[in-house]
Amino acid sequence: MSGPDLLAPEALERARDEALAAFTAAPTLESLAAARTAHIGDRSAVARARKAIGSLPGTEKADAGKRVNVAASAVQEAFEQRKRALEQERDQRVLLEEAVDVTVLPPRRRGARHPLTTLSERVADVFVAMGWEVAEGPEVEHEWFNFDALNFGGDHPAREMQDTLFVEPAGSGLVLRTHTSPVQVRSMLDRELPIYVICPGRVYRADALDATHSPVFAQVEGLVVDEGITMAHLRGTLDHLAVALFGSVGDGKGIRTRIRPNYFPFTEPSAEMDLQCFACRGASAQPGGEPCRVCSSEGWIEWGGCGMVNPTVLVACGIDPERYSGFAFGMGLDRTLMFRHDLHDIRDIYEGDLRFTSALGSEV
Ligand code: PHE
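Reading the values: the criteria
The numbering scheme is per chain: residues are counted from 1 as the chain's sequence reads. Predicted model: local features are reported for residues with pLDDT of at least 70 only, side-chain atom pairs are reported and counted for 80 or more only, and whole-chain, interface and lining totals are derived from all residues. Side-chain numbers come from the whole structure's heavy atoms, not from hydrogens or water. Distances are taken per atom, and a residue is near a molecule or strand as soon as one of its heavy atoms is within 4 Å of it. Here a polar contact is recorded for every N or O atom pair within 3.5 Å, except that within protein the pair must consist of a potential hydrogen donor and a potential acceptor, and residues adjacent in sequence are included only if both atoms are side-chain atoms. For every accessible area listed, the method is Shrake-Rupley and the probe measures 1.4 Å; residues are considered covered only by the protein chains on display. Each helix is a run of H or I in the DSSP string that is no shorter than four residues. Each strand is a run of E no shorter than two, and both are numbered from the N terminus. Salt bridges are identified by distance alone: a Lys or Arg side-chain nitrogen within 4 Å of an Asp or Glu carboxyl oxygen. Each residue's exposure class comes from its accessible area (1.4 Å probe, protein chains only) as a fraction of the maximum for that residue type: buried when under 20%, exposed when over 50%, partly exposed otherwise.

Topic: the site of the ligand
Thought 1: Around the ligand, the surrounding shell holds 15 residues, and the nearest of these are His 179, Ser 181, Arg 205, Gln 219 and Glu 221.
Thought 2: Here a nitrogen atom of the ligand sits 3.0 Å away from a polar atom, N or O, in the side chain of His 179.
Thought 3: Between the ligand and Arg 205 there is a distance of 3.0 Å, counted from an oxygen atom to a side-chain nitrogen or oxygen.
Thought 4: Against a free-state accessible area of 320 Å², the protein chains account for coverage of 92% of the ligand.
Thought 5: Put simply, the parts of the chain that give the shell around the ligand at least two residues each are β6 (216-226), β9 (300-309) and β10 (325-332).
Thought 6: A per-element tally of the shell around the ligand places β10 first, with three residues.

Here it is in structure tokens:
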């Protein structure tokens, strides 16, 4: 189409209508931009018509110019409208697609306390329910509390009985406590009589780490000092704890404890205490009994030490042994946790592997 033909009213109307149709049909901003080049750009029919005005005779220029302007602004207006509509569509879509639900909580693992902690608290609860108090002492302890006051003589072989970790420098007099028994001494020095205390805590010995030994482990110590305390009270207390932790199995009778003579410098008489095997209830040790893996068919499991507080210790703590007597016991909490949950390796308790703690540690 030559210049003047482009300026014909029908030609301009057609150019306008084609532009409008192209804009309406453009589904995206990109295709609209392409349609704009085709219908508004320098090579579009309207732009070429505008250029052709120059070649018209002077009298026709004004009319032609008006027609071109009308067509051009209709095209421009249609383009703007479509552009606004497509932009709005895009904004809506982006809002939906990129929406973030701020009310959704991030996935969170629930923390849980360590099984040793929950067991220690459970033991403490058993005693607190009977009116006892929980006592604590330092883990870096003076030798006097850890040994001397407990009647371990200076060169007493019992000092070597427990492989002690000494705190530097040599001669500091400080050790990592080898048992919770120094808390007996601290309790007797600090508290009013009578004394009923339970002391759970961490203890240390120079043991190599293997399936049944750890240089750090947990004990729980019990101490009673009152008038008229006998070994019968000790037995009754141990049986009560055993039933509270291991229950009455099968026959409805509570699980039992047994004590065997032993030696500790701070108790006299002293005893080793065993817990009836909660798995076979002692049946494996009877003639013809099925073998038991838990107690190696002994019928009993070693649980800890106990005895009547040695009068020498009472005197060292300023208590009149003529008037007062007492009992003490101490057992391994790790061991208790191990046989209570059928664990075979003490390292599992201390390695902090979540597969271990989360399996056992959801208890609160
Ligand atoms: N302290 C002893 C130990 O660690 C256990 C014990 C506690 C013995 C209290 C008697 C009385 O082996």
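Things to note about the pattern of salt bridges
Thought 1: Within the structure shown, the criterion is met by 15 salt bridges.
Thought 2: Here Arg 235 makes a salt bridge to Asp 239, at a shortest N to O gap of 3.9 Å. One end of the pair, Arg 235, and the other, Asp 239, are both in helix α10 (residues 231-246), four residues apart, so they sit about a helical turn from each other.
Thought 3: The class for Arg 235 is partly exposed, based on a relative accessible area of 26%.
Thought 4: In this structure, Arg 347 engages Asp 345 in a salt bridge whose closest nitrogen and oxygen atoms are separated by 2.9 Å.
Thought 5: Residue Asp 345 is classed as buried on the basis of its relative accessible area, which comes to 18%.

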